Amino acid sequence: MKLILSTLVVLAASVLMAADTHAAGNLAVMPTRVMFEGRERTAEVSLTNTGDEESIYRLALVNRRMTAGGSLVDVADKPLPGERFADGLVRFSPRQVVLKPGESQVVRLQLRRPAGLEAGEYRSHLAFRAVPRESGPPAAEGREFRVTLTPIYGVSIPVIVRHGELGADVGIRGLTLLRDRRRSLRKVAFTLTREGGQSVYGDIDVKFVDEAGGERILARARGLAVYTPNDRRKVTLDVVNGGVVEGGTIVVSYRQKPEAGGRVLAEVSGIVGR
């Protein structure tokens, strides 16, 4: 008798659906990040079931660390120097929600700053994970068991607490153009650098300015962060409007989100010879 083993598939996704909405599976989350600054003590996050079946989601505050390449990994050890987590400062409710198709639910967060809290930025991530529907034992088909894979969809958003007078300086270094054998531009690579007591968050635009002053966008990235305590993040972007790029200038700009003011945080340019 053959036995096909069941497998539980975990999909941790945070796909950007709109300017301020994350979605994974049939769950849409808005806003995409929670920030406590100044006198702010409460916040709300809206969850919406965009599917056609009732779904259950469990919520948890988890601690994650950003790698040099921008990935987020769960923290299983002690905090690194300069690494502060917000899970001990923030409470939320409910911890589980049941949503019918098209139904929404508000999750409320509350900040509690203890006396003598050290100045700095504290960050954890509010994770929403779908609870799979219960199913019976795998059905036998002749002498063979067949088991359906069960995906578990999840999405998480950062919850950031800033305490004290903080700031950050941002730079762009090591601009590199990656071409194919025909000299056609395929990718743009560089490193974002960060100094100071707070993380940075914004949008990247890469454009080419030819010798006549004409411009075209080569690549874009939206909602790109460098979290504390990281002092750099390596970025590689696919070029969407490349071709042979010569005799002009490549300009890389990193700016705040429009709703945060749109200020340019860092910019670098490089001349492309013929």
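Note that the structure is a prediction, hence the values are computed from the model and not measured.

> Please provide a residue-by-residue account of the overall build of the chain, values included.
Summing up its helical and strand segments, the chain has zero helices and 24 strands in all. Looking at the chain as a whole, 40% of its 274 residues qualify as buried. Long-range pairs, those at least 24 residues apart, make up 67% of the contacts in the chain between residues at least 6 apart in sequence. Carbon and sulfur atoms make up 48% of the accessible area of the chain, which amounts to about 15600 Å² in all.

> Now, about the sheet that holds strand β20 (residues 200-210): what can you tell me, with residues and values included?
With respect to topology, four strands assemble into an open sheet ordered β21-β20-β23-β24, the strand pairing being antiparallel. With one partner strand each, in any of the chains shown, β21 (215-226) and β24 (264-272) form the two edges of the open sheet. Between one strand axis and the next, the sheet turns through 15 degrees on average, direction left out of account.

> Any chance you could break down the side chain of Ser 199 for me, citing the residues and the numbers?
Structurally, Ser 199 can be placed in the loop between β19 (185-196) and β20. Side chain to side chain, Ser 199 and Glu 121 meet in a polar contact 2.8 Å long. Once you skip the residues sitting within four places of it in the chain, Ser 199 turns out to touch Glu 121, Ile 160, Arg 162, Arg 194, Val 226, Tyr 227 and Thr 228.

> Tell me what's going on with the pattern of salt bridges, and back it up with residues and numbers.
All told, the structure shown has 15 salt bridges when counted by the stated rule. Ionic pairing is found between Arg 220 and Asp 205, a salt bridge with its closest N-O pair at 2.9 Å. One end of the pair, Arg 220, is in strand β21; the other, Asp 205, is in strand β20, with 15 residues separating them in the sequence. Take Asp 205: its relative accessible area is 16%, and that puts it in the buried class. Across the pair Asp 205 and Arg 222 runs a salt bridge whose closest N-O atoms are separated by 3.1 Å. Residue Asp 205 is located in strand β20, and its partner Arg 222 is located in strand β21; the two are separated by 17 residues in the primary sequence. If you follow the salt bridges from partner to partner, you end up with Asp 203, Asp 205, Arg 220, Arg 222 and Lys 257 in one network.

> Explain unusual backbone geometry to me, using residue names and the numbers behind them.
Peptide bonds are trans in most cases, and residues, glycine excluded, mostly fall at negative phi. Cis peptide bonds are those with omega within 30 degrees of zero, and the linkage from Met 30 to Pro 31 qualifies with 0 degrees. Relative to the assigned elements, Pro 31 resides in the loop between β5 (27-30) and β6 (34-36). A cis amide bond, omega 5 degrees, links Thr 228 with the succeeding residue Pro 229. Within the fold, Pro 229 resides in the loop between β21 and β22 (232-243).

> Give me the lowdown on the environment of Lys 78, citing residues and values where you can.
Relative to the elements of secondary structure, Lys 78 occurs in the loop between β10 (72-74) and β11 (90-93). On the basis of relative accessible area, Lys 78 is assigned to the exposed category, the value being 72%.

> Give me the side chain of Arg 233: which residues, what numbers.
For Arg 233, the position within the fold is in strand β22. No salt bridge is formed by the buried Arg 233; the nearest opposite charge belongs to Asp 203, separated by 11 Å. At a separation of 2.6 Å, a polar atom in the side chain of Arg 233 contacts the main-chain carbonyl oxygen of Ala 225. In this structure Arg 233 touches Met 66, Ala 68, Gly 69, Gly 70, Phe 190, Thr 191, Leu 192, Leu 224, Ala 225 and Val 226, once residues within four positions along its chain are discounted.

> Before we move on, can you summarise the packing of aromatic side chains with the specific residues and values?
Under the counting rule described, the total for this entry stands at zero aromatic pairs. The aromatic ring of Tyr 201 is capped on one face by Arg 33, whose charged end is 3.7 Å from the ring centroid. It is Arg 95 that lies over the ring of Phe 92; its NZ or CZ is 4.4 Å from the centre.

> Describe the pairing of β21, and please don't skip the residues or the numbers.
Pairing between β20 and β21: nine bridges, direction antiparallel. By the bridge assignment, Val 200 is partnered in β21 with Val 226. Where β20 folds back on β21, the antiparallel hairpin that results is connected by four residues, among which Gly 213 adopts a positive phi of roughly 95 degrees.

> Run through the environment of Asp 238, naming residues and quoting values.
With respect to the helices, strands and loops of the structure, Asp 238 is situated in strand β22. Through-space distance from the C-alpha of Asp 238 to that of Val 188 is 6.6 Å; in sequence the pair is 50 residues apart. For Asp 238, the side chain forms a polar contact with the side chain of Lys 187, separated by 2.3 Å.

> Got a sec to walk through the pairing of strand β18 (residues 168-179)? Specific residues and values, please.
Strand direction decides the pairing type here: β18 and β19, joined by ten bridges, are antiparallel. Each bridged residue has a counterpart across the sheet, and for Val 170 the counterpart in β19 is Arg 194. Counting the residues in the hairpin turn of β18 and β19 gives five residues, including Arg 183, whose phi is positive at 70 degrees.

Analysis parameters
Residues numbered from 1 in each chain as written. Predicted model: local features only at pLDDT ≥ 70, side-chain atom pairs only at ≥ 80, totals over all residues. Heavy atoms only, no water. Helix = DSSP H or I, 4+ residues; strand = E, 2+ residues; numbered from the N terminus. Buried < 20%, exposed > 50% of the residue type's maximum accessible area, 1.4 Å probe, protein only. Contact = heavy atoms within 4.5 Å. Areas by Shrake-Rupley, 256 points an atom, 1.4 Å probe, with all protein chains shown as cover. Pairing = 2+ DSSP bridges. Axes fitted to C-alpha atoms, helices over the stretch in contact; angles between N-to-C directions. Polar contact = N/O pair within 3.5 Å; in protein donor to acceptor, adjacent residues only side chain to side chain. Salt bridge = Lys/Arg side-chain N within 4 Å of Asp/Glu carboxyl O. Lys, Arg positive; Asp, Glu negative; His and termini not counted. Phe/Tyr/Trp six-rings, centres within 6.5 Å; stacked < 30°, edge-to-face > 60°. Lys NZ or Arg CZ within 6 Å of the ring centre and 35° of its normal.

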